[in-house]
Amino acid sequence: MKKTEGTTLLSTPVSRRKLVKTSAIGGLAAASGSLSLPFARQAAAEPAPAASADEKVVWSACTVNCGSRCPLRMHVVGGEIKYVETDNTGDDDYEGLHQVRACLRGRSMRRRVYNPDRLKYPMKRVGARGEGKFKQISWEEAFDTIAGSMKKIIGEYGNEAIYLNYGTGTLGGTMTRSWPPGSTLIARLMNCCGGYLNHYGDYSTAQIAMGLNYTYGGWAGGNSPSDIENSKLVVLFGNNPGETRMSGGGVTYYLEQAREKSNARMIIIDPRYTDTGAGREDEWVPIRPGTDAALASALAYVMITENLVDQPFLDKYCVGYDEKTMPAGAPANGHYKAYILGQGNDGIAKTPAWAAKITGIPEAKIIQLGREIGSTKPAYISQGWGPQRHSNGETVSRAIAMLAILTGNVGIHGGNTGAREGSYGTPFVRMPTLENPVKTSISMFMWTDAIFRAKEMTATRDGVQGKERLDVPIKFIWNYAGNCLINQHSEINRTHEILQNDKDCEMIVVIDNHMTSSAKYADILLPDCTASEQMDFCLDASCGNMAYVIFADQAIKPRFECKTIYEMTSEIAKRMGVEQRFTEGRTQEEWMRHLYQQSQQVMPGLPSFEEFRKQGIYKQRDPNGHVVAYKAFREDPIANPLTTPSGKIEIYSAALAEIARTWELPEGDVIDPLPIHADGFESYNDPLREKYPLQLTGFHYKARTHSTYGNVDVLKAACRQEMWINPLDAKSRGINNGDSVRIFNGRGEVVINAKVTPRIIPGVVALGEGAWYSPDGKRVDHAGSINVLTTQRPSPLAKGNPSHSNLVQVVKA
Ligand SMILES: Nc1nc2c(c(=O)[nH]1)N[C@H]1C(S)=C(S)[C@@H](COP(=O)(O)OP(=O)(O)OC[C@H]3O[C@@H](n4cnc5c(=O)[nH]c(N)nc54)[C@H](O)[C@@H]3O)O[C@H]1N2
Ligand SMILES: Nc1nc2c(c(=O)[nH]1)N[C@H]1C(S)=C(S)[C@@H](COP(=O)(O)OP(=O)(O)OC[C@H]3O[C@@H](n4cnc5c(=O)[nH]c(N)nc54)[C@H](O)[C@@H]3O)O[C@H]1N2
Ligand code: SF4
Ligand SMILES: [Mo]
């Protein structure tokens, strides 16, 4: 089962939580009593509206990609949403079918539905790409143009010239689902027409998914956070659920409630003092970005030299810890223990003193941490996806997981795998999207290159899969519910240059609700209905041990000329001559009833369709209590092997050794069979620091879900977009709190206000990702859009986005 932020997964193991009793999480939390009023109303200081005769309450949902999913109760009067509340079903009992309360983003949904940025009718581009000049056209003309372009491009170049760009704006939906690309209605349409160029990986987890695949085989599972009630210690590496899992159904609630039961100590390792901490942690260990593998190696050094490792576990379940379990043909002293003790290739012992210089964490602290992690069991060791969203992220993710492996915390209650938390899920049936006849696939991060240098892109240099080399460039892009055409993809100025040339990529279709920066690059721009304007099911939250499905009903009529994605794709299918295969004769509601019937067969507890519609949310607790990843493997590794080549946990990976031997890598890129520390490019140790001395890391911010909700005024006011900087770095630059600063490197410049705070380690600055790119005439951004500063150079193995590895200079504006 694979996850994605947002997505999750699959079959069962996922997780989530509720949050009624926790205090406000970092100021935007859903759960605190004082914040439980509908935000819109509270912000405007309006009295609670009296229920009027024609007021109806309709269940809807927030389907964005925050990893959670939340029910919303829309109070509709006279065809207009007047205010928004959230789940009021179930009880406040953590152990029961607790409420799934929306955070303040979801509660501000009215302000997205009625936002002045709403797209109103179909448009076609009249200016240069990206200029934002459009002309209104009819739906007929829009559909005809798109179908005409598809036919032309398929005829001239074949189906591999058509690309579905990454977009997660509605991945919680079923009919409206926008991710993974193969599960969307666009994919269903394209699969009826010969297919499209696939992509693998995602912006969330490219490096960890690829890295831990070699360790555990496939997507690495994790215990549900509810299982923390069995833990003595919680160690979070770059994991910030207080901000990234804010729902009352999500991880932050489980973490706090479970910890209340177990009284587990919590250590947070992060360059920033996060909202997950906010006084609830026992310890914050600030670390230089990109150096977790060095810390993990030194912790391993302490555990190995002080006899704290679980040797029987390593012997029985793992490959490559020491000489005994090395695969045939592996080099002498190529094992992990030799690497740590300085008997491997590099001859360097990974001592706490060695790591202190790299990580910025004092030697004594590393020794103490090593002893604590090595001797407190069971321990819930997990990593968020911040540490892996780096230029060395594949090896970092594997190195952190070593701590769980060395201590034998894998496959037991209260333990974890060192990956992110898992969660319980249901087998609710999704919209079938048919099979893509095309097998060629690129990394989701490499699409900009596939526009202008496709024929140079190979399997061993650029990670092309299914073919040795791409045959044709991308000529047509579908961009549905995504802002990765500009805002969320790295290096905005480079993307702009590539998209400027409309002889290269000939057609870009954007389907969105709002005039985003990506929408401005559309050739044809289609206005979609919001979740409030149609009927859908919403599911797949990253939760704990209670899963749920939401009936997201139609609250209001489509605004302006907006259409649903199902209507749009059906109309194009008609023009492509595949309407019957595409629709199978069903309307959207008929599909939903059909899927529901199928779901009822695998989930016998589901009520009737009409009852579900009335009750809004269906909750189901994990019959096994908690998800424990690799429990069966732990119990019997012969009967239940992992899907790695050896069937065991591969600390040393022969497959990676082969890749390291055969792939062509640019200077500085490292792929290694062991989970070693490698600096990566744009690291703390890059010579480029002479010019750009500060590390810039991004983070996922409570003010938005990526860019979504980024145009909601009250949220912007509540959580300002600022650049975090340590007082030491600010002082040497004459910067005071609130000053306007220029952040720049060779790729671009951002001007924004500084937040001077000891909550960030010296030498590092940070920006929340997702602010709406807002360039002036000189392409200087004034919104704090971090992707002006990030690079399109991919990470070595996953060819993924190293969004958090950036060097910059900052000066007072
Ligand atoms: N520098 C940096 N960049 C990053 C990241 C980072 O950490 N740092 N994070 C990356 C990650 S993990 C991810 S997942 C990506 C996310 O990138 P995206 O998937 O692009 O996410 P959003 O920015 O939320 O964009 C979603 C889009 O969907 C639209 N939308 C919302 N609801 C609807 C709807 O009902 N219908 C339609 N048609 N559209 C809708 C929104 O208006 C928005 O334009 O960003 C990545 N980019
Ligand atoms: N409110 C909100 N919630 C979201 C999202 C959102 O945009 N807004 N996006 C959702 C999506 S799609 C995703 S993929 C997830 C993202 O979830 P994550 O990827 O886990 O989130 P990040 O904030 O990028 O990183 C988590 C933490 O890692 C820290 N960090 C960065 N670099 C390093 C490092 O090198 N080492 C260590 N130890 N820590 C580091 C950051 O400071 C941050 O506090 O969040 C989801 N939830
Ligand atoms: S943004 Fe996430 S946590 Fe907030 S309401 Fe939406 S789904 Fe829930
Ligand atoms: Mo993500």
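These numbers were taken from a predicted model, which means no experiment stands behind them. (Residues numbered from 1 in each chain as written. Chains lettered and ligands numbered in written order. Predicted model: local features only at pLDDT ≥ 70, side-chain atom pairs only at ≥ 80, totals over all residues. Heavy atoms only, no water.)

Undergrad: Go over unusual backbone geometry with me, naming the residues and quoting the values.
TA: Cis geometry marks the peptide bond from Trp179 to Pro180, where omega comes out at -10°. With respect to the secondary-structure elements, Pro180 resides in the loop between β6 (162-164) and α5 (185-192). With omega at -5°, the peptide bond leading from Lys377 into Pro378 counts as cis. On the secondary structure map, Pro378 appears in the loop between α13 (363-375) and β12 (379-383). Even without being a glycine, Ala278 presents a positive backbone phi close to 45°. Relative to the elements of secondary structure, Ala278 occurs in the loop between β9 (265-269) and β10 (283-285). The partly exposed category is assigned to Ala278, whose relative accessible area is 42%. With a phi angle near 60°, Tyr630 is a residue other than glycine that sits in the positive phi range. For Tyr630, the position within the fold is in the loop between β19 (617-621) and α22 (631-635). (Helix = DSSP H or I, 4+ residues; strand = E, 2+ residues; numbered from the N terminus. Buried < 20%, exposed > 50% of the residue type's maximum accessible area, 1.4 Å probe, protein only.)

Undergrad: Kindly report on the site of ligand 1, identifying the contributing residues and their values.
TA: Not every one of the 33 residues close to ligand 1 is listed here, only the nearest: Thr168, Asn483, Asp512, Ser707 and Thr708. In this structure, Thr168 approaches ligand 1 through a side-chain N or O atom, which is 2.6 Å from an oxygen atom. Note that a nitrogen atom of ligand 1 is positioned 3.3 Å from one of the side-chain N or O atoms of Glu769. In isolation ligand 1 has 900 Å² of accessible area, and contact with the protein removes 98% of it. Tallied by class, the residues present in the shell around ligand 1 amount to eight nonpolar, 20 polar and five charged. When residues of the shell around ligand 1 are assigned to domains, at least three map to each of domain 1 (123-196 + 435-529 + 561-587) and domain 3 (687-812). (Near = heavy atom within 4 Å. Polar contact = N/O pair within 3.5 Å; in protein donor to acceptor, adjacent residues only side chain to side chain. Areas by Shrake-Rupley, 256 points an atom, 1.4 Å probe, with all protein chains shown as cover. Nonpolar A, V, L, I, M, F, W, Y, C, P; charged D, E, K, R; others polar. Domains from an automatic or database assignment.)

Undergrad: Could you give an account of the pattern of salt bridges, naming the residues involved and the relevant values?
TA: Applying the stated rule across the entire model yields 56 salt bridges. For Glu256, the salt bridge is made with Arg280, and the minimal N-O distance between the two is 3.8 Å. Highlighted residues: Glu256 in helix α8 (residues 251-262) and Arg280 in the loop between β9 and β10, separated in sequence by 24 residues. Relative accessible area serves as the criterion here: at 17%, Arg280 is assigned to the buried category. (Salt bridge = Lys/Arg side-chain N within 4 Å of Asp/Glu carboxyl O.)

Undergrad: Residues and numbers for the sheet that holds β12, please.
TA: In a beta sheet, neighbouring strands are held together by backbone hydrogen bonds and run either parallel or antiparallel to one another. The four strands lie next to each other as β10-β9-β8-β12, forming an open sheet whose pairing is parallel. Sheet topology places β10 and β12 at the edges, where each strand pairs with a single neighbour. Averaged over neighbouring strand pairs, the angle between their axes works out to 15° when direction is ignored. As paired elements, strand β8 (residues 233-237) and β12 share five bridges and run parallel to each other. Bridge assignment links Phe237 to a residue of β12, and that residue is Gln383. (Pairing = 2+ DSSP bridges. Axes fitted to C-alpha atoms, helices over the stretch in contact; angles between N-to-C directions.)

Undergrad: Please set out the packing of α5 against helix α18 (residues 565-575) residue by residue, giving values where relevant.
TA: Their axes nearest at 10 Å, the elements α5 and α18 cross at an angle of 10°. The angle between α5 and α18 places the two elements in the roughly parallel class. Judged by residue contacts, Leu185, Ile186 and Leu189 of α5 engage Ile565, Tyr566, Thr569, Ile572 and Ala573 from α18. For the contact of α5 with α18, the per-class residue count stands at seven nonpolar, one polar and no charged. (Parallel < 35°, antiparallel > 145°, perpendicular 65-115°, else oblique. Contact = heavy atoms within 4.5 Å.)

Undergrad: Tell me what's going on with the side chain of Ser795, and back it up with residues and numbers.
TA: Within the fold, Ser795 resides in the loop between β26 (780-781) and β27 (806-812). Looking at Ser795, the relative accessible area reads 0%, which means it is buried. Within the structure, Ser795 has its side chain in polar contact with the side chain of Glu394 (distance 2.7 Å). The contacts of Ser795, once residues within four sequence positions are left out, are Gln207, His390, Ser391, Glu394 and Gly800.

Undergrad: Would you mind going over the UniProt feature "domain: 4Fe-4S Mo/W bis-MGD-type" (unreviewed entry) in the protein chain in detail, with residue names and values included?
TA: The feature "domain: 4Fe-4S Mo/W bis-MGD-type" (unreviewed entry), as annotated in UniProt, sits at residues 55-117 in this numbering. As a span, residues 55-117 carries 14% helix and 35% strand, and end to end its C-alpha atoms are 27 Å apart. (UniProt positions renumbered as here; feature names shortened; annotations may be inferred.)

Undergrad: Please give an account of the packing of aromatic side chains that cites residues and values.
TA: One pass over the full model with this rule turns up 27 aromatic pairs. Measuring from centroid to centroid gives 5.6 Å for Phe537 and Phe551, while their planes differ by 85°, and the two rings are edge-to-face. Here Phe537, found in strand β17 (residues 536-539), pairs with Phe551, found in strand β18 (residues 546-552); they are 14 residues apart in sequence, far enough to count as distant. Given a relative accessible area of 0%, Phe537 falls into the buried group. Overall, the relative accessible area of 0% leaves Phe551 in the buried class. These aromatic residues form a ring-pair network of at least three members: Phe428, Phe537, Phe551, Tyr596, Phe609 and Phe612. Over the ring of Phe699 we find Arg272, and its NZ or CZ is 3.6 Å from the ring centre. (Phe/Tyr/Trp six-rings, centres within 6.5 Å; stacked < 30°, edge-to-face > 60°. Lys NZ or Arg CZ within 6 Å of the ring centre and 35° of its normal.)

Undergrad: Which residues make up the side chain of Asp462, and what are the values?
TA: Mapping Asp462 onto the fold places it in helix α16 (residues 459-462). At a separation of 2.8 Å, a polar atom in the side chain of Asp462 contacts the side chain of Arg453.

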